[in-house]
Amino acid sequence: MATAEVAPPERKQWSNPVEFFLTLVAFAVGLGNVWRFPYLCFKNGGGAFLIPYTLMLIFIGAPVFYLELTLGQFTSSGPLAVWKVNPLLRGIGYASLATNCFLALYYNVLIAYCFYYLVASFQMIVPWSTCGNWWNTALCTDQATLANLSRTDLALMKNMTSSPSEEYFYRRVLQISSGVDNVDGIVTHLVVALAVAWLICFLALSKGVQSLGKIAYFTALFPYVMLTVLIIRGATLSGAIEGVKFYMGTVNLTVLKSPSVWKEACTQVFYALSCCSGGLIAMASFNDFNNNVYRDTISICLVTWFTSIFGGFAIFTVLGHMATKMGVSVADVAKGGPGLAFVVFPEGLSMMPFAPLWCVLFFLMMCTLGFGSEFSIMETVMASIIDEFKTYLNTPKKIIIFRFTISFVFFLLGLSMVTRGGLYVLNIIDQYLGGFPWLIIGVVELYCIGWVYGVDNFCDDIALMLGEERRPEVTLDDYTYPSWALTLGWLVVILCLGWIPYIFLAEICGRGTWGIIKEARLPHVEWGPARDEHRQLSIRYANTVDPKKLSMQTLSTIDTGDSYDLDRAAIEIIAASPKLFVKRLSDVSSARF
């Protein structure tokens, strides 16, 4: 007798809306809010950075955040299945899932670092505060020695010494090798810490969102308690006000002219809100169909904005105290990224009374922040795969085995980042993954929903989900137009927009379909710089221009070096001064753009 096929279990939901909200807070507020945003503010004009950050949050971050929550809640599907809205663009879901996988790998390695520091903090004297240990070099100089030096001597010795915290992180914790091509074996204590991190991750996600929602009460709220404690303690330290001045006290509005500032603000918004990683779609897919997703979007965006600023005060009050004791500027001690969390800030904490206590609290907070994000990242990965293969993963036992297998596989993959060359691997993944892929995914998402699926259809879906009327009838006071009269309105729209397809079709019919498509995809002959002297800077545009019209402004851009092929007239000009050449576009740093 054939065995009856087991039906897949019903998709679980959050126990209540509070669990969903707290999970989103824990997911969005992560390690980057502590070590990335404060440094970006300090580097990009202080308080002035809040202008592009806030604008990007309002006009880019919040709409994309709302879009993804709505997609997940409306379809009750993960980031793979949700793109059935357009099967041709299902690659969006796989791209999001791939970024999540890489993010989960190195995020748990960072948590392993935090674990190791947390355990090492349970000592009377924290090991990164002194020299004379087996991992220190002759260049190690502790704070007691630096405190007795003049500012001039400090400036002279700046590149000739290394701090105990720096040597502890690189030589003791990482035991770092000479480069990415020199793996030089695994670091045992980091492997143990990484295994513990993945074990905790598996246990937290063993029951999916039901266990994740309960843990969120701790992972979302505890960091705010710790941040508040650190801010209160930091405010009582000498030099704290100097740190705050460097953080938000200076407002340099001239930096707003730089495109890189706006780019970093946009990237940070995607970091802070965890947009385009598929996680928001996955978390919202476990919501009740009629949940007020608009309220959640506004609330999470406000919480994220506040947390980024709030966390910066905890960091820079300690950095201000550290700079005061060392007799240097805050700018000399401030760093971004892992260097802030594992080198600079631990060194600042070691200068405080009862240093071990503050180190324990700080790294406990860092572990909590990391796990709050890591749990949601991995639940996104696991839930997406379970949704795709739910006919096979159709019993609780199979699902638990699957979750354990995924955790173990990710642990094995993460071993490449706990070798002596692991930091180089982690850094290159972080540099290439952070920001750019998510921005591209976001653009394609908006195109898919806004243009392919249609804004009207999507708004109708939202109205259906929230129980609101989407398209009210056109009225004038108490008069309601008949349906045939609305044709006049659409006629106005057609008369305005109809020229686009009309010209397109007229050109195709007039010159042949394939020929016009091949020709029209190329830029027009007049495309390029408007001024002749600027066109002469590139062979792409110089052929139609008399190069003898070059002005002194253009000649000022000419530099020494190797020449490249120009047309005959341009070569005659350059021949008069053989040491001159027109710079190739590839010679110009992309940073200028």
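What you see as residue numbers is a count from 1 along each chain, following the sequence as written. A pLDDT threshold of at least 70 governs which residues receive local features in this predicted model, and a stricter bar of 80 or more applies before side-chain atom pairs are shown or counted, although totals over entire chains, interfaces and linings include all residues. Hydrogens and water are ignored here; the side-chain numbers use all heavy atoms of the structure.

Taking an unreviewed UniProt entry as the reference, the protein is identified by name as Transporter belonging to Adineta steineri. UniProt positions are given in the numbering used here, feature names are shortened, and annotations may be inferred rather than shown by experiment. Looking at the Subcellular location (unreviewed entry) heading of the UniProt record, one finds this comment for the protein: "Membrane". Recorded in UniProt for the protein, the comment headed Sequence similarities (unreviewed entry) runs: "Belongs to the sodium:neurotransmitter symporter (SNF) (TC 2.A.22) family."

The next subject is the confidence of the model for the protein. Summary of the metric used: pLDDT quantifies the predictor's per-residue confidence within the range 0 to 100. On average, residues of the protein carry a pLDDT of 80, and 80% of them reach 70 or more. The helix and strand labels rest on DSSP assignments: H or I over at least four residues marks a helix, E over at least two residues marks a strand, and numbering proceeds from the N terminus. When pLDDT is averaged over each helix and strand of the protein, the minimum, 42, is found for helix H26 (residues 552-555) and the maximum, 95, for helix H9 (residues 188-205). Contacts were defined at the residue level, with two residues in contact if any of their heavy atoms lie within 4.5 Å. This model gives residues 545-566 a pLDDT under 50, and the stretch forms 45 contacts once residues within four places in sequence are excluded. Here residues 577-593 scores under 50 on pLDDT; set against residues more than four positions off or in separate chains, the count is 24 contacts.

All right, on to the environment of Phe169 then. Mapped onto the elements, Phe169 comes out in helix H8 (residues 164-173). Residues Phe169 and Tyr113, 56 residues apart in the sequence, show an inter-C-alpha distance of 9.3 Å. What Phe169 contacts, discounting residues up to four positions off in sequence, is Tyr113, Tyr117, Leu174, Phe342 and Val343.

Turning our eyes to something else, we now look at the state of the cysteines. Two cysteine sulfurs form a disulfide in these notes if their separation is within 2.5 Å. Evaluated as defined, the whole model comprises one disulfide. In this model Cys131 forms its disulfide with Cys140; the gap between the sulfur atoms is 2.0 Å. The disulfide joining Cys131 to Cys140 has a torsion of about -80° about its S-S bond and is therefore left-handed. Among the residues examined, Cys140 registers a relative accessible area of 12% and is labelled buried. Relative accessibility thresholds used throughout: buried, under 20% of the residue-type maximum; exposed, over 50%; partly exposed, between the two (1.4 Å probe, protein chains only).

With that settled, consider empty space enclosed by the protein. Unoccupied space between atoms shows up once a probe the size of one water molecule is rolled over them. The distinction between a cavity and a pocket rests on a 1 Å grid over the protein atoms alone: a 1.4 Å probe fits inside a cavity but cannot get out, while a pocket stays open yet meets protein on both sides within 12 Å along at least five of seven lines, and a residue with an atom within 4 Å of a point counts as lining. Grid points are joined across faces, edges and corners, and a volume is the space filled by probe spheres set on the points. Within the structure shown, the criterion is met by one cavity of 30 Å³ or more. Along the walls of the largest cavity sit Val25, Ala26, Val29, Thr219, Ala220, Pro223, Tyr224 and Leu369, which together make up its complete lining. Those elements that place two or more of their residues in the lining of the largest cavity are helix H1 (17-28) and helix H10 (209-235). Ranked by residue count, the leading element in the lining of the largest cavity is H10, at four residues. Only Asp, Glu, Lys and Arg are considered charged, only Ala, Val, Leu, Ile, Met, Phe, Trp, Tyr, Cys and Pro nonpolar, and every remaining residue, Gly among them, polar. Looking at the lining of the largest cavity residue by residue, the classes come out as seven nonpolar, one polar and no charged.

So, about a nonpolar patch on the surface. On the surface, a cluster of nonpolar side chains totalling about 840 Å² of accessible area is made up of Leu476, Tyr479, Tyr481, Leu486, Trp490, Val493, Leu497 and Ile500. If you tally residues by element for the nonpolar patch, the top one is helix H21 (residues 486-497), at four residues. Tracing the backbone through its elements, the reader meets Leu476 in strand S1 (residues 475-476). For patch detection, residues must exceed 30% relative accessible area and be free of salt bridges, and they are connected within 9 Å for like charges or within 5 Å for nonpolar side chains (Val, Leu, Ile, Met, Phe, Trp, Tyr). Accessible surface is estimated by sampling points in the Shrake-Rupley manner with a 1.4 Å probe; for residues, cover comes only from the protein chains shown. The term salt bridge refers to a pairing of a side-chain nitrogen on Lys or Arg with a carboxyl oxygen on Asp or Glu at a separation within 4 Å.

Between H10 and helix H14 (residues 293-326), the shortest axis-to-axis distance is 8 Å and the interhelical angle comes to 40°. On the basis of the axis angle, H10 is oblique to H14. Where H10 crosses over H14, the handedness of that crossing is left-handed. Residues Tyr224, Leu227, Thr228, Leu230, Ile231, Gly234 and Ala235 of H10 lie in contact with H14, whose contacting residues are Val303, Thr307, Phe310, Gly311, Phe313, Ala314 and Thr317. Partitioning the contact of H10 with H14 into residue classes produces nine nonpolar, five polar and no charged. In this analysis an axis means a line fitted to C-alpha atoms, helices contributing only their contacting stretch, and an angle means the value between N-to-C directions, from 0 to 180 degrees. Angle categories: roughly parallel below 35 degrees, roughly antiparallel above 145, roughly perpendicular from 65 to 115, and oblique for all the rest. Note on convention: the crossing is left-handed when the near helix lies turned anticlockwise from the far helix by less than a right angle, right-handed when the turn is clockwise.

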